[in-house]
Amino acid sequence: MAQPLIPLSELPPGRRGAVRELKLQGISRRRMLDLGLIADTCVEVLLKSPAGDPTAYRIRGAVIALRSEEASKILVESLA
Amino acid sequence: MGLTRQSTGAGLSQGKGALDKTVPGDLIVALAGNPNTGKTTLFNSLTGLNQHTGNWPGKTVTGARGRYRYRGCGFTLVDLPGTYSLLANSPEEEVARDFICFGHPDAVVVVADATCLERNLNLALQVLEITGRVVLCVNLMDEAERKRISIDLPRLSECLGVPVVGTNARDSHGLEALKEAVLMVASGRSPFRPLVPRYSAPVERAVSLLEPSIRETLKGRINSRWVALRLLDQGPPFLEQMRRQLELEPPDLAALTARLEQSPLLAGSQQQSIWMDEIASSLVGAAEAIGRSVVSLEHREYQHFDRKLDRLLTSRLFGIPLMIALLGIVFWITIAGANYPSEALAAGFFWAEERLGAALLAAGAPAWLHGILVLGVFRTLGWVVSVMLPPMAIFFPMFTLLEDLGYLPRVAFNLDNFFKKACAHGKQALTMCMGFGCNAAGVISCRIIDSPRERLIAVLTNNFVPCNGRFPILISLALIFMVGGAGPLQTPAAAAAVLGAVVSGVLMTLAVSRCLSKTILKGLPSSFTLELPPYRKPLVGQILIRSLLDRTLFVLGRAVLVAAPAGAVIWLAANIDLGGASLLDRGAGILQPFAYLLGLDGYILMAFLLGLPANEIVIPIAIMSYMATGAMTEPATLEELRLLLVEHGWTWLTALCTMLFTLNHFPCATTLLTIYKETRSLKWTLTAFLVPTATGIVLCFTVAQAVRLLGLI
């Protein structure tokens, strides 16, 4: 079970991860919570934009694009 | 995208202040919901107004309102900005929260997207925390059905303790049931017992410590449990923020703050962050649990088609080329399609002008009055309308179509990286695209950017992309001086000119955005989240009506407003004699030395100044001054124009500098007026005037001096 945590930004498209920790503070943190990114939330990496950033994620049924700045501060456990 | 309320006229008011106004005797109903849930379409279906809707987040910034009647009762419906929550601090969320708390709505309709119910429930729970007078409207039921998602509405209603109605706002399905539920809740006859979200034991304990003193201080003006929760997760700044609405006296404020700080258990920034997490997580968790119990998916991969389309439209290889191609087609149709109607309109105005002039003179009006009113005001008006209306009437519906399909957020997604490097927001790509149609519309569309710093950058730089009104100058000058007039190369050359202008406009936008954010608008880019909503079938009829009413006529209205007085000024400048030369000649003479440094001449610079109301009239004014006709004139052919310009000393350098100055100079008066209305600040309006003007002066000066020094001319 004890898999290492990786930043969401490093999860390749097609993979899914479970949110374990948010390293964001203040308003950014609140924004992520509002999107439903709380502990154990499953996030699927859908696709990267042509320049490689931002990346679109499926979060609770909605498709949300995040920049690497934010995504790198969301630590996830990669799911099979 | 942005041109919403102001344009739709009767019965609508806007602005925060407008939220306080009500029709006496009406029940007040607030419409809340996540962005992109069809909230505005629902608003329109209920009230019959055509408020602008778009298939992407963040349009309603101020609350639009409309009325409807049901069973003899009057209802005032207030469309709140679309938000994901009422907790975070964006202007939209503040407007929505304040109205639900202090606007005393008799009912709040929470509009939820049936295809994404769980996330929408989060907001519903937050509203329920403030008031129990809620109706949940599960919209887009047809989309859900198509995606084989089924929702147990009775069970949902049981879970939340409020009436739940399934609707399809697009075809008005379910609206009667919704009105019935609203009437029931608003008149206080609801048999339901609304759910009050509960939290973990520590949170509940903290709330119970705070709540009694809050209740005592606020005397029932607002739900004290909700205030207690907000004090926990936002701390004293929350009280400060709400002081005015809560009618808190300074001693009350101090007492409440003291109560909060008394206990180390409750206050402190670290503790506050823990409360925030706990409270937000509980709500998300509750929404998830309810969602699980009422939603069933027959088909896990229900977004299959959308994802396939996304993979194509945002792919590394095709994403950007496809986008450029689409935009190119839109321009081509606009420019090609506008030609004929423009000519027809101009002919019509010319005909009317002659009749009007004859009638005026026959009535015994003096020549100067005829000059000001007919040759000045009327001709300028006619000119502006006939060159502006057709391209806008073609461009805006096409743009709205792309918007309704859901393509525009993908453009922002594709281009965000460039804007990130310029320390700006990806959605600026969209405001920029809109600016190609009309910079005033582009400026209004900046409302979609939710952080103030990035929004201001987008507003200040919008003018760097050439609008429809500037393309004709660029095309004709490019044709005359770069390819030597009409010929077999005409069409590709015109296309190349437009493309060049577009590319340089985009590059300038990015460069200036970066400069602004490194200087007067310093700051790190704020957190970026962009929703890519599902692709939707557009409603073509609505698109036509909306884009014509909301955008075209609105922009045209403002243009007419500034063109009319300008017409009088232009005529006067050309006809007031000052010691043997007209005011215009004198002005041009004064400007000449400066203009020469920029590679222009005094008359061109004068034409840019007098052409402030609309870029479309710059060339006509220049021709008027060269020919000394005293009223704006159009050359019959390109060749005539070339002869006239060359006769007055134009070279390819003059043309090049004029084109550069066309791309980089002050926004037209309509745009400036719009910037003022959007920013409410003279300082920023002035900045928006100066930044592109200074850029243009520096560019033209450099090019002109370099060419002359190198002896290229």
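Residues numbered from 1 in each chain as written. Chains lettered and ligands numbered in written order. Predicted model: local features only at pLDDT ≥ 70, side-chain atom pairs only at ≥ 80, totals over all residues. Heavy atoms only, no water.

### Some thoughts on the overall build of chain B
- Scanning chain B from N- to C-terminus turns up 28 helices and 11 strands.
- Taken over C-alpha atoms, the radius of gyration comes to 29 Å for chain B, in line with the 27 Å a tight globule of 713 residues would show.
- The C-alpha extent of chain B, read off along each of the three principal axes, is 85 × 55 × 55 Å.
- Looking at the 713 residues of chain B, the share that counts as buried comes to 59%. (Helix = DSSP H or I, 4+ residues; strand = E, 2+ residues; numbered from the N terminus. Rg over C-alpha atoms; globule rule 2.2 N^0.38 Å. Buried < 20%, exposed > 50% of the residue type's maximum accessible area, 1.4 Å probe, protein only.)

### Re the sheet that holds strand β9 (residues 529-531) of chain B
- The seven strands are arranged β1(A)-β6(A)-β2(A)-β3(A)-β4(A)-β5(A)-β9(B) in an open sheet whose pairing can be described as antiparallel. In this open sheet, the two strands that pair with only one neighbour each are β1 (6-7) of chain A together with β9 of chain B.
- The pairing of strand β3 (residues 42-48) of chain A with strand β4 (residues 55-59) of chain A spans five bridges and is classified as antiparallel. What sits directly across from L47 of chain A, in β4 of chain A, is A56 of chain A.
- Sheet contacts for helix α1 (residues 26-34) of chain A: β2 (16-22), β5 (62-66) and β6 (74-79) of chain A together with β9 of chain B; angle to β2 of chain A, the most-contacted strand, approximately 140 degrees.
- Where helix α15 (residues 408-421) of chain B meets the sheet, its contacts fall on β3, β4 and β5 of chain A together with β9 of chain B, and the angle it forms with β9 of chain B comes to roughly 145 degrees. (Pairing = 2+ DSSP bridges. Contact = heavy atoms within 4.5 Å. Axes fitted to C-alpha atoms, helices over the stretch in contact; angles between N-to-C directions.)

### Quick word on the interface of chain A and chain B
- The partner chain B presents 48 residues to the 36 residues of chain A that form the contact.
- Here chain A packs against chain B, burying approximately 3600 Å² in sum over the two surfaces, 53% of which is carbon and sulfur.
- Our enumeration of links across chain A and chain B arrives at seven salt bridges.
- E69 of chain A is the salt-bridge partner of K420 of chain B, the closest N and O atoms lying 3.2 Å from each other. (Buried area = accessible area lost by both parts, 1.4 Å probe. Salt bridge = Lys/Arg side-chain N within 4 Å of Asp/Glu carboxyl O.)

### A word on the environment of L415 of chain B
- Mapped onto the secondary structure, L415 of chain B falls in helix α15.
- Remark: the alpha-carbon pair of L415 of chain B and I320 of chain B, spanning 95 residues in sequence, is separated by 8.2 Å.

### Regarding a nonpolar patch on the surface
All names here are of chain B.
- Together, L401, L405, V540, L544, I545, L549 and L553 line one region of the surface with nonpolar side chains, adding up to about 550 Å² of accessible area.
- Mapped onto the nonpolar patch, the elements with two or more residues apiece are α14 (367-405) and α21 (540-575).
- Among the elements that line the nonpolar patch, the one with the most residues is α21, at five residues.
- Position of L401 relative to the elements: it lies in helix α14.
- Judged by its relative accessible area of 33%, L401 falls in the partly exposed class. (Patch = residues over 30% accessible without salt bridge, like charges linked within 9 Å, V, L, I, M, F, W, Y side chains within 5 Å. Areas by Shrake-Rupley, 256 points an atom, 1.4 Å probe, with all protein chains shown as cover.)

### Remarks on the packing of helix α23 (residues 602-610) of chain B against helix α24 (residues 618-627) of chain B
Residues and elements named next belong to chain B.
- Contact geometry for α23 and α24: axes closest at 8 Å, N-to-C directions at 135 degrees. Taken together, the axis directions place α23 and α24 in an arrangement best described as oblique. Here α23 runs over α24; the crossing is right-handed. Packed against α23, whose contacting residues are Y603, I604, A607, F608 and L610, the element α24 presents V618, I621, A622, S625 and Y626 at the interface.
- Partitioned by chemical class, the residues of the contact of α23 with α24 number nine nonpolar, one polar and no charged. (Parallel < 35°, antiparallel > 145°, perpendicular 65-115°, else oblique. Left-handed = near helix turned anticlockwise from the far one by under 90°. Nonpolar A, V, L, I, M, F, W, Y, C, P; charged D, E, K, R; others polar.)

### Quick notes on the environment of P635 of chain B
Residue and element names in this part refer to chain B.
- As for its position among the elements, P635 is in the loop between α24 and α25 (638-647).
- With 94 residues separating them in the primary sequence, P635 and G541 have C-alpha atoms 39 Å apart.
- Beyond its immediate chain neighbours, meaning those up to four positions away, P635 contacts I623, E640 and L641.

### Considerations on the domain arrangement of chain B
- Segmentation of chain B into domains returns domain 1 (5-186), domain 2 (201-297) and domain 3 (321-709).
- Here domain 1 of chain B and domain 3 of chain B have C-alpha centroids that lie 38 Å from each other. (Domains from an automatic or database assignment.)

### A word on α25 of chain B
Residue and element names in this part refer to chain B.
- Taken residue by residue, α25 has L641, L644 and L645 as its buried positions. The arc that holds the buried residues of α25, viewed along the axis, is 95 degrees, so those residues lie on one side.
- Where α25 ends, the next residue or the one after it, G649, has phi of about 85 degrees, a positive value. (Arc of directions from axis to C-beta.)

### Points about the nonpolar core
Residue and element names in this part refer to chain B.
- Grouped together as the largest cluster of nonpolar side chains are 122 residues, with contacts concentrated most on V411, F471, L600, I621 and W650.
- When near neighbours in sequence (up to four residues on either side) are disregarded, V411 contacts M323, A429 and L430.
- Grouped together as the second largest cluster of nonpolar side chains are 62 residues, I100, A112, L210 and L239 included. (Core = buried A, V, L, I, M, F, W, Y, C linked by side-chain atoms within 4.5 Å.)

### Things to note about the sheet that holds strand β2 (residues 64-70) of chain B
Residues and elements named next belong to chain B.
- Taken together, six strands build an open sheet; the order of strands is β2-β3-β1-β4-β5-β7 and the sheet is mixed. Each edge of the open sheet is held by one strand with a lone partner, namely β2 and β7 (164-166). Going from strand to strand, the sheet's axes swing by 25 degrees on average, the running direction of each strand aside.
- With seven bridges connecting them, β2 and strand β3 (residues 73-79) associate as antiparallel partners. Along β3, the bridge assignment pairs Y70 with C73.
- Relative to strand β4 (residues 107-113), helix α3 (residues 117-130) is tilted by about 165 degrees, and along the sheet it contacts β1 (27-33), β4 and β5 (134-139).

### Here we look at the pairing of β4 of chain A
All names here are of chain A.
- Of all five residues that make up β4, five are buried, and the element is covered over most of its length.
- Alternating positions in β4 separate into two faces, T55, Y57 and I59 on one and A56 and R58 on the other, with burial throughout.
- Linking two consecutive strands that pair antiparallel, namely β3 and β4, is a turn of six residues; a positive phi of about 90 degrees is found at G52 within it.
- With five bridges joining them, β4 and β5 adopt antiparallel strand pairing. Residue Y57 lies in a different strand from β5, and its bridge partner there is I64.

### Comments concerning the pairing of β4 of chain B
Residue and element names in this part refer to chain B.
- With seven of seven residues buried, β4 lies mostly within the body of the structure.
- The alternating pattern of β4 places A107, V109, V111 and D113 on one face and V108, V110 and A112 on the opposite face, and all of these are buried.
- Here β1 pairs with β4 via five bridges, running parallel. Within β4, the position partnered with A30 by the bridge is V108.
- Handedness of the β-α-β unit built from β4, α3 and β5 comes out right-handed. (Right-handed = clockwise from strand over helix to strand, strands pointing away.)

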